[in-house]
Amino acid sequence: MTNFISVQLKKASEVDLAKPLCKFIQQSYPGGDAQAEHCRAAEELSKLRKSALGRPLDKHESALETVLRYYDQLCAIEPKFPFSENQVCVTFTWKDAFDKGSLFGGSAKLALASLGYEKTCVLFNCGALASQIAAEQNLDNDEGLKAAAKHYQFASGAFQHIKDTVLSALNREPTVDISPDTVGTLSLIMLAQAQEVFFLKATRDKMKDGIIAKLANQAADYYGDAYKQCQYKDTLPKEVFPVLAAKHCIMQANAEYHQSILAKQQKKFGEEIGRLQHAADLVKTVASRYDEYINVKDLVDKINRALTAAKKDNDFIYHDRVPDLKDLESIGKASLVKSTPVVVPLSQKFTDLFEKMVPLQVQQSVSVYNQRKADLVNRSIAQMREATNLANGVLASLNLPAAIEDVSGDTVPQSILNKSKSVIEQGGIQTVDQLIKDLPELLQRNKEILDESLRLLDEEETTDNDLRTKFKERWQRTPSNELYKPLRAEGASYHNILSKAVQADGQVKERYQAHRDTIALLCKPESELNAAIPSANPAKTLQGSEVVNVLKTLLANLDEVKKEREQLENDLKSVNFDMTSKFLTALAQDGAINEEAISVTELDRIYGSYTQKVQESLKKQEELLKNIQNAHQDFSKMKQSNNESNLREEVLKNLAVANDNFVELVANLKEGTKFYNELTEFLLKFQNKCSDIVFARKTERDELLKDLQQSIAREPSAPSIPLPTYQTTSAGGSKPAASSTPTPAPRTMVGTKPQPPARPPPPVISAASSSSSASAPSGTAAAPAAAPAAAPTAAPAPGASAPAASTAPPQAQGPPYPTYPGYPGYCPMPMPLAYNSYMYGQYNLPYAPAPVFQNPGQAPYPAPQQPGYPFPQQPFYPQQ
């Protein structure tokens, strides 16, 4: 009797997980042991997928354990890798589990770049394999019963989980096998079968009949609900429906049978007979309708024996009234099963291959924290550099310290000599020229990489738009213009960065051209430099005066502030703190990460003291510059001024400014070179992302085109052609009346040997048939003779009127030939009269029959009765 339903596994296409995951790891993690370990884990994951999905699986616990491990690993890597169409793009292709496909079209399948889709399909296979393992259990012992119940409840939970999550996981319409309606029905079927297993165990353990009846009634209820859910939906295989209907009747019959035993124990003999009669009717229905799916002979015999004995006892002894079925008290229900919830990890042997890799949410939080840290450090360094440039500008405008060093008026001040020496040591003007020369090459390289990346996106988007225009609503995939929005935004950002870099390069070149001659003068030897500086009459000796000493002290203090800034800048750059542990702790405690609050608190704790030092340095410089300006005013009053001295002071100022510009230009150009080189790395990563997604889209496009071709091949090649009126009307010219009683579908009888068709009767010879055999080709001559050999028609349905005794079967009808204007259609050519060994009565014909021509589609005219022919004229039957 037991015939359990098991679910077919979905089939997956082969996918290489190692390559895209390793590429993401190499881009996201620094090189070293950690990166190598993560790449090895990616290769292990790819091998695990092949073991779980790439080979036929045995119906055994070990095979299920492998699939469960793969599902657990998918759940573990989901928060660690950004699986999507525009990041880690891996296209998973799965076939429909219930679609058998066709000769030309193949089976239905769906390809999506979604890890949620892969998880859903793998979980479906977990439930399907669990149902197959449960169906293979030996139900004659307790171990088999317990294992079957456990696996059926797990399968029910797996299918129920898919029903609850599939639409949100896919964000599109799934295939039929994993649609919410289908998996909901499968979950209920598995629950019903688990309940049936508990019924079998209760029966085997000889529990009380009242309990067994409730268990059976609950199982019948589950089967009935499952049958109702899929009765009007063509989602499951057709053989499932009769099994569900039969199981519903069988479980209900078992419930009535055991309840009848309880009624007998309670001396309710009439109720006992009523329930047994109902049970007998139920199993009789199963035996008559679904016997090819389930054998209920033993159950029928058991119920009939009990019913016969009960009737006999009641008729001779008890004489209890048998109540009607509607008057019987309803049987209670007792459910011992429930869907096992899906709680990761499902496998008992699961170990995370990427245990040391932090989740993606933590990676993103660390990335944002690093950006906040970089902004804070850069802001502090920029403030200090701006203050240093301001101080240098103020000193250059005051010609300090050259003014207090130039007391002779005809030698180069020591500060200018020091600046000249520093410029020469750094390469002088040749260094600036080379750095400026390299910038356009670096810029052009970055532009080419960016243009090539955008060109790949443009070409793929154009192809996608063309195919979408061609196939219209059949082209069911994410439009490229929507998918590429993040990439195009990133490309636009890089384009803006390059545009700003070009403007900055132009400003650097302009400033270099403005100070190039003065910088070149600083690069000359001391003798040439002294000759280029105008001489002036010696000023009144100020050496050793209080004003000069005050200025020297203030300038020394200012130099000390500058040195402290350099050290402070180095300290700011060298501070490093790993926030991963902080974010991991927050994620474990709260389930989420408040990145802003955690980052601001930590940055204030780490960099608060440095920020305070920066502000103190700025304030100290401000006071020093104010005092220097005041002291310089006193110095200028004491110093004689004339045209020669003013000209000399102006040249010395320009040399000091040229030195400051040289230092700043070299720093800017080196920073620009470093910027372009770093930008090249980012653009190469951007190009890789573009090429990867374009390749994935091309693969998806090829798969979709293949599926479309298969679906087109499955479509009918031509519309159905309605039959002509002469083939749809009866002999009397009117259509046969439709029977009010529907004709039942023929049933397949399992175990019945197919019978050969009935022997045809001997041919009946008439003048018309002789005429046809003589005039028609051999292919058409046999058609009238084959008409009597047709298989006997099925018996008429009950309630339908029997056909008239004189009505003969219709003649064999060939295919209708089309008729076009100006084209007479097909007419059979007359055959010459000659010996034909297959022609009856050929030598008894008094004359050769004349060929008769008629219009195509017209019934043949009956031939006149031939004199002397030994058989009577046969009645004429027009073609149907």
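The model shown is predicted, which means the values in this text are computed figures rather than measured ones. (Residues numbered from 1 in each chain as written. Predicted model: local features only at pLDDT ≥ 70, side-chain atom pairs only at ≥ 80, totals over all residues. Heavy atoms only, no water.)

**Student:** What exactly am I supposed to notice about the overall build of the protein chain here?
**Tutor:** Within the protein chain one finds 24 helices and two strands. Buried residues in the protein chain amount to 40% of all 880 residues. Accessible surface, the protein chain as shown: approximately 49300 Å² in total, 53% of it carbon and sulfur. (Helix = DSSP H or I, 4+ residues; strand = E, 2+ residues; numbered from the N terminus. Buried < 20%, exposed > 50% of the residue type's maximum accessible area, 1.4 Å probe, protein only. Areas by Shrake-Rupley, 256 points an atom, 1.4 Å probe, with all protein chains shown as cover.)

**Student:** Would you take a moment to explain unusual backbone geometry for this structure?
**Tutor:** What is expected of a backbone is that most residues other than glycine have negative phi and most peptide bonds are trans. With an omega of 5 degrees, the peptide bond running from Val-344 to Pro-345 counts as cis. Checked against the element boundaries, Pro-345 lands in the loop between α10 (297-318) and α11 (360-397). One non-glycine residue with positive phi stands out, namely Lys-472, at about 55 degrees. Relative to the helices and strands, Lys-472 is located in the loop between α14 (428-471) and α15 (480-483).

**Student:** Is there a simple way to think about the pairing of strand β2 (residues 109-112) in this case?
**Tutor:** Looking along a regular strand, one sees the side chains alternate between the two faces of the sheet. Where burial is concerned, the two faces of β2 agree: the one with Lys-109 and Ala-111 and the one with Leu-110 and Leu-112 are both buried. With four bridges connecting them, strand β1 (residues 92-95) and β2 associate as antiparallel partners. Looking at β2, one finds that Phe-92 is bridged to Leu-112. (Pairing = 2+ DSSP bridges.)

**Student:** Looking at this structure, how should I read helix α18 (residues 546-574)?
**Tutor:** An α-helical turn contains 3.6 residues, so any two residues separated by three or four positions project in the same direction. Under the 1.5 Å per step criterion, the end-to-end length of α18 is 42 Å for 29 residues, consistent within 8% with the ideal 42 Å. Listing the buried residues of α18 in full gives Val-547, Val-548, Leu-551, Leu-554, Leu-555, Leu-558, Val-561, Lys-562, Arg-565, Leu-568, Glu-569 and Leu-572. (Expected span 1.5 Å × (residues − 1).)

**Student:** How do you make sense of empty space enclosed by the protein when you look at a structure like this?
**Tutor:** If you roll a probe as big as a water molecule over the atoms, it shows you where there is empty space left. In this structure the tally under the stated criterion is two cavities of 30 Å³ or more. The computed volume of the largest cavity comes to approximately 50 Å³. What lines the largest cavity is Glu-85, Cys-89, Thr-91, Ala-111, Leu-112, Ala-113, Leu-483, Ile-693, Ala-696, Arg-697 and Glu-700. Residue assignment for the lining of the largest cavity shows that the elements contributing at least two residues are β2 and α21 (643-714). (1 Å grid on protein atoms, 1.4 Å probe; cavity = no way out; pocket = protein on both sides within 12 Å on 5 of 7 lines; lining within 4 Å. Points joined across faces, edges and corners; volume = space filled by probe spheres on them.)

**Student:** What is the right way to read the pattern of salt bridges from this model?
**Tutor:** One pass over the structure, following the stated rule, counts 36 salt bridges. For Asp-464, the salt bridge goes to Arg-697, with nearest N and O atoms at 3.7 Å. You can see Asp-464 sitting in helix α14 and its partner Arg-697 sitting in helix α21, a full 233 residues away along the chain. The same class applies to Asp-464 and to Arg-697, which are both buried. Residue Glu-602 is joined to Lys-582 by a salt bridge in which the shortest nitrogen-to-oxygen separation is 3.6 Å. Within this pair, whereas Glu-602 is found in helix α20 (residues 595-638), its partner Lys-582 is found in helix α19 (residues 580-590), the two being separated by 20 residues in sequence. One continuous salt-bridge network, built from bridges that share partners, spans Glu-460, Asp-464, Arg-468, Arg-477, Arg-697 and Glu-700. (Salt bridge = Lys/Arg side-chain N within 4 Å of Asp/Glu carboxyl O.)

**Student:** Where do I start with a nonpolar patch on the surface in this structure?
**Tutor:** Together, Phe-316, Ile-317 and Tyr-318 make up a nonpolar patch on the protein surface, roughly 360 Å² of accessible area in all. Inspection of the secondary structure assignment puts Tyr-318 in helix α10. Note on Tyr-318: relative accessible area 40%, which makes it partly exposed. (Patch = residues over 30% accessible without salt bridge, like charges linked within 9 Å, V, L, I, M, F, W, Y side chains within 5 Å.)

**Student:** I keep staring at the packing of helix α8 (residues 240-265) against helix α9 (residues 269-289) and nothing clicks. Help me out?
**Tutor:** Relative orientation and spacing of two packed helices are given, respectively, by the angle between their axes and the distance between those axes. Interaxial distance between α8 and α9 falls to 8 Å at its minimum, and their mutual angle equals 160 degrees. As summarised for this structure, α8 and α9 are arranged roughly antiparallel, according to the angle between their axes. Crossing angle aside, the handedness with which α8 passes α9 is left-handed. Taking contact as the criterion, the partners of Ala-246, Cys-249, Ile-250, Gln-252, Ala-253, Glu-256, Tyr-257, Gln-259, Ser-260, Ala-263 and Lys-264 in α8 are, on α9, Phe-269, Glu-271, Glu-272, Arg-275, Leu-276, His-278, Ala-279, Leu-282, Val-283 and Val-286. Split into classes, the residues belonging to the contact of α8 with α9 amount to 12 nonpolar, four polar and five charged. (Axes fitted to C-alpha atoms, helices over the stretch in contact; angles between N-to-C directions. Parallel < 35°, antiparallel > 145°, perpendicular 65-115°, else oblique. Left-handed = near helix turned anticlockwise from the far one by under 90°. Contact = heavy atoms within 4.5 Å. Nonpolar A, V, L, I, M, F, W, Y, C, P; charged D, E, K, R; others polar.)

**Student:** Before we go on, may I ask you to explain the packing of helix α1 (residues 18-28) against helix α2 (residues 33-53) in this structure?
**Tutor:** Across the interface, α1 lies against α2 with an axial gap of 9 Å and an inter-helix angle of 165 degrees. Accordingly, the angle class assigned to the pair α1 and α2 is roughly antiparallel. Crossing handedness for the pair α1 and α2: right-handed. Touching Ala-18, Leu-21, Cys-22, Ile-25 and Gln-26 of α1 are Gln-35, His-38, Cys-39, Ala-42, Glu-43, Leu-45 and Ser-46, all from α2. The residue makeup of the contact of α1 with α2, split by class, is seven nonpolar, four polar and one charged.

**Student:** Would you mind showing me how to read the environment of Lys-201 here?
**Tutor:** Mapping Lys-201 onto the fold places it in helix α6 (residues 180-204). Separated by 61 residues in the primary sequence, Lys-201 and Asp-140 have C-alpha atoms spaced 8.9 Å apart. Ignoring anything within four residues of it in the chain, the contact list for Lys-201 reads Asp-142, Leu-145 and Lys-146.

**Student:** When you look at α14 in this model, what are you seeing that I'm missing?
**Tutor:** If you check α14, its first and last C-alpha atoms are 66 Å apart, about what 44 residues at 1.5 Å a residue would give, namely 64 Å. The first or second residue beyond α14 is Lys-472, which carries a positive phi of 55 degrees.

**Student:** Please explain the side chain of Ser-156 as it appears in this structure.
**Tutor:** Along the chain, Ser-156 turns up in helix α5 (residues 142-170). Excluding its chain neighbours within four sequence positions, the residues that come into contact with Ser-156 are Ser-187, Met-190, Leu-191 and Ser-339.

**Student:** It is not clear to me how the side chain of Arg-565 should be interpreted in this structure. Could you clarify?
**Tutor:** Relative to the elements of secondary structure, Arg-565 occurs in helix α18. Summary of buried charges: Arg-565 has no salt-bridge partner, and the nearest side chain of opposite charge, Glu-564, is 7.5 Å away. Not counting the four nearest positions on each side in its chain, Arg-565 is found in contact with Met-384, Ala-387, Thr-388, Ser-617, Leu-618 and Gln-621. (Lys, Arg positive; Asp, Glu negative; His and termini not counted.)

**Student:** Quick question: what am I supposed to make of the packing of aromatic side chains here?
**Tutor:** Scanning the model with the defined rule gives 11 aromatic pairs in all. Between Phe-98 and Phe-124, the ring centres sit 6.4 Å apart and the planes meet at 70 degrees, which makes this aromatic pair edge-to-face. Taken together, the positions of Phe-98 in the loop between β1 and β2 and Phe-124 in helix α4 (residues 115-135) put the pair 26 residues apart, joining distant regions of the chain. Residue Phe-98 is classed as buried on the basis of its relative accessible area of 15%. A relative accessible area of 0% means that Phe-124 is categorised as buried. The rings of Phe-24, Phe-81, Phe-83 and Phe-354 are connected pair by pair, giving a single aromatic cluster. We note Lys-247 situated over the ring of Phe-4; from NZ or CZ to the ring centre the distance is 4.5 Å. Lying across the ring of Phe-577, Arg-605 places its NZ or CZ 5.3 Å from the centre. (Phe/Tyr/Trp six-rings, centres within 6.5 Å; stacked < 30°, edge-to-face > 60°. Lys NZ or Arg CZ within 6 Å of the ring centre and 35° of its normal.)

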